[in-house]
Amino acid sequence: MSGDALNLFEQQARNRRQTAWWIFLFVLFFAWIGFGGDAVMYFGSFDKYGQAHYTVPWIGIVVTAIAAIVARTSWTRGPKRVLWSAGAVELTNPQTFEEKQLVNVVEEMAIAAGLPRPKVYVVNDPDPNAFATGHGPETASIAVTSGLIQALNREELQGVVGHEMAHVRNLDVRLMTMVAALVGVIVVLSDGIGRVMRGGGGRGVGALVGGRGRRSGGGAGMIAIVLLVLWLITLILAPLITRLMAMAISRKREFLADATSAELTRNPGALASALQKIEAAPAPTASMKRGTAHLCIADPLGSSANLKEGRLADLFGTHPPMAKRITILRGMAFQQAKATAPQP
Amino acid sequence: MEWFLLIAVVVVVFWLVAMYNGLIALKNQTINAWKQIDVQLKRRHDLIPNLVGTVKGSMEFEKETLQAVIDARSKAMSGGGGVKETAAAEGALSGALGKLFVVMEQYPDLKSSQNVRDLQEELSSTENKIAFARQLYNDVATNYNTRQQQFPTNFVAGLAKAQIAELWEIEDQAERAVPQVDLSLKPKPQA
């Protein structure tokens, strides 16, 4: 038991560490996007007397300001926007038997995890799926589709809610919200700068580097061109790389959340059969957009990358293969049955 | 040399303070986890009269089962005190309730009543909450106990007035089996 608790703290510590790393990488990246651009301008602005004309790092200042504002707003508004984009409605006053049961199940899992009860949301979508979001355990929300409520029995629902509660308790939701905010900023910036470059700005920089650089006779001009090329490559690749990293983060956490759910419910078999039912549902979850896909318990887009194993699937899938998850859970259920079976 | 000693003393003091505070935090977590169980137990005590009142009319022939639930409830409510006593009394109540639920399965008009279904869901959810709160309490208390006994925290355990917390054990195998009865009330999806 105390071993489980230690694992929890390790996992939380790892998530905190990773959040800090992401912020660090993000700052580094923006320093490069901002002040790297300034360096290009600086080295490009040497005249034939070896005098630099570009001395105030405007790009750096502007990029830093934009990044700070965008990151701040998408961090604070992120969870709300996720819920809104999925069309999730908060269940404040449960009326039907199923709704009451859902709220009860969420309460049960909150007690098992020793956390305050998260807000409960329902997404009106016939495909079974679920996700969790928020800034931390105190402000978390759990959303399930109406299809999930219909398809699963009480114990299976408990397994799925336990899985989402695990994301909350392990601080996965905080990390994912942070990552989503940072990825969003990077996409916004790289789009914005790209547009400026394609418009008038590009010609300006080109003329600067090409024209004046050549006149200054190599040295600084060459540095400017090399920096410019590197700068452009990072700008183009940044959105892709950050997205891949975000996917890798969410994939690793699914196995762990499955295990934590089993730890909370002490019923891994129920989650296994829930996953099987979710997997068997034919349609993709229409209300889950690409932006929320990595939050869901099962890939809502039904992309083939999540069915396979191997390098490519590891790169592009947001979720580990369902078959593998089910096999692991069934293994746990078997171990448990063996351990609690009456001794002959 | 003197500054070295000073640093060593400061480090040791900080270390002791950290261990002491860690123990106090665990102690409070344990107390809090126990209170969580208490909240759910009270809730169950409050729900039972409702259930009994609702099913009494339809279950003329099951007076004994109903009486067992009522008796177990009043016994659980009167019995204050230690973990072991509470665990025993509440365990008996769980058993009596489980039997009542099994018997209720044989009354189709009860099963189809929305009111009864809601009450039954409330009660089995409360039952689950008790089980999960107990699970959490046992985990936290085990953590607390381990920390008290471990070297070097055991040195400050006395200072923090730490005492081994009693775990909530489920005593006999039969009792443990009762909640296993399938009470999944999920209706078949209407086509």
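All of these numbers come straight from a predicted model, not from anything done at the bench.

With that settled, consider helix α3 (residues 97-113) of chain A. All names here are of chain A. Taking 1.5 Å as the rise per residue, α3 with 17 residues should run 24 Å; its terminal C-alpha atoms sit 24 Å apart, in good agreement. Taken across its 17 residues, α3 has 12 buried, putting it largely inside the fold. Residues of α3 that are buried include every one of Gln101, Leu102, Asn104, Val105, Val106, Glu107, Glu108, Met109, Ala110, Ile111, Ala112 and Ala113, and no others. Where α3 terminates, the next one or two residues include glycine 114, which has phi positive at roughly 70°.

This part covers the confidence of the model for chain B. All names here are of chain B. Looking at chain B as a whole, the pLDDT averages 80, with 86% of positions reaching at least 70. Averaged pLDDT values for the elements of chain B fall to 44 in helix α7 (residues 173-177) and rise to 89 in helix α1 (residues 2-56). Long-range and interchain partners of residues 172-191, a stretch whose pLDDT sits below 50, account for 26 contacts in this model, where long-range means more than four residues apart. Among the scores for the predicted complex, ipTM is 0.74 and pTM is 0.77.

The next subject is the packing of α3(A) against helix α5 (residues 114-149) of chain B. Put simply, α3(A) and α5(B) touch, their axes get as near as 8 Å, and they point 10° apart. By the criterion of interaxial angle, the relationship of α3(A) to α5(B) is roughly parallel. Within the contact between the two elements, α3(A) uses A:Phe97, A:Lys100, A:Gln101, A:Asn104, A:Glu107, A:Glu108, A:Ile111 and A:Ala112 and α5(B) uses B:Arg117, B:Asp118, B:Glu121, B:Ser125, B:Asn128, B:Lys129, B:Phe132, B:Ala133, B:Gln135 and B:Leu136. Within the contact of α3(A) with α5(B), the residues separate by chemical class into six nonpolar, five polar and seven charged.

Next up on the list: the nonpolar core. Ranked by size, the top nonpolar core spans 91 residues in total, and within it A:Met109, A:Ile142, A:Ala143, A:Val160, A:Leu182 and B:Tyr137 carry the most contacts. Sorting elements by how many residues they give to this core places helix α6 (residues 172-216) of chain A first, with 13 residues. Inspection of this core shows a minimum of three residues originating in each of domain 1 (2-76 + 175-242) and domain 2 (84-173 + 249-338) of chain A. In this structure A:Leu182 touches A:Trp22, A:Phe26, A:Ala71 and A:Thr242, once residues within four positions along its chain are discounted. Within the second largest apolar cluster, 12 residues are counted, among which are B:Ile48, B:Ala96, B:Leu97 and B:Leu100.

Residue and element names in this part refer to chain A. The element strand β4 (residues 141-145) is extensively covered by neighbouring structure, given that five of its five residues are classed as buried. Both faces of β4 are covered, namely the face carrying Ser141, Ala143 and Thr145 and the face carrying Ile142 and Val144. Summarising the sheet, strand β2 (residues 119-123) and β4 pair through five bridges and their orientation is parallel. Directly across from tyrosine 121, in β4, lies its bridge partner alanine 143. As judged from the four bridges shared by strand β3 (residues 130-133) and β4, these two strands associate in the antiparallel manner.

With that settled, consider helix α2 (residues 63-78) of chain B. All names here are of chain B. With 16 residues, α2 should reach 22 Å at 1.5 Å per residue; the first-to-last C-alpha distance of 22 Å fits that figure. Within α2 the residues assigned to the buried category are Val69, Ala72, Arg73 and Ala76. Along the long axis of α2, the arc covered by the buried residues comes to 100°, so they all point the same way. Those residues of α2 that are exposed and angled more than 90 degrees off the buried face are Lys63, Glu64, Gln67 and Ser78. Where α2 is buried, its residues meet α1 and α3 (83-104).

Once that is clear, we can look at the environment of A:His163. Residue and element names in this part refer to chain A. Along the chain, histidine 163 falls in helix α5 (residues 154-169). For the pair histidine 163 and leucine 271, spaced 108 residues apart in sequence, the C-alpha separation works out to 8.4 Å. If sequence neighbours within four positions are ignored, histidine 163 has contacts with Ala257, Asp258, Ser261, Leu271 and Ile297.

Cut-offs applied
Residues numbered from 1 in each chain as written. Chains lettered and ligands numbered in written order. Predicted model: local features only at pLDDT ≥ 70, side-chain atom pairs only at ≥ 80, totals over all residues. Helix = DSSP H or I, 4+ residues; strand = E, 2+ residues; numbered from the N terminus. Expected span 1.5 Å × (residues − 1). Buried ≥ 20, exposed ≤ 12 C-beta atoms within 10 Å, placed from the backbone. pLDDT = per-residue confidence, 0-100. Contact = placed C-beta atoms within 7 Å. Axes fitted to C-alpha atoms, helices over the stretch in contact; angles between N-to-C directions. Parallel < 35°, antiparallel > 145°, perpendicular 65-115°, else oblique. Nonpolar A, V, L, I, M, F, W, Y, C, P; charged D, E, K, R; others polar. Core = buried A, V, L, I, M, F, W, Y, C linked by C-beta atoms within 7 Å. Domains from an automatic or database assignment. Pairing = 2+ DSSP bridges. Arc of directions from axis to C-beta.

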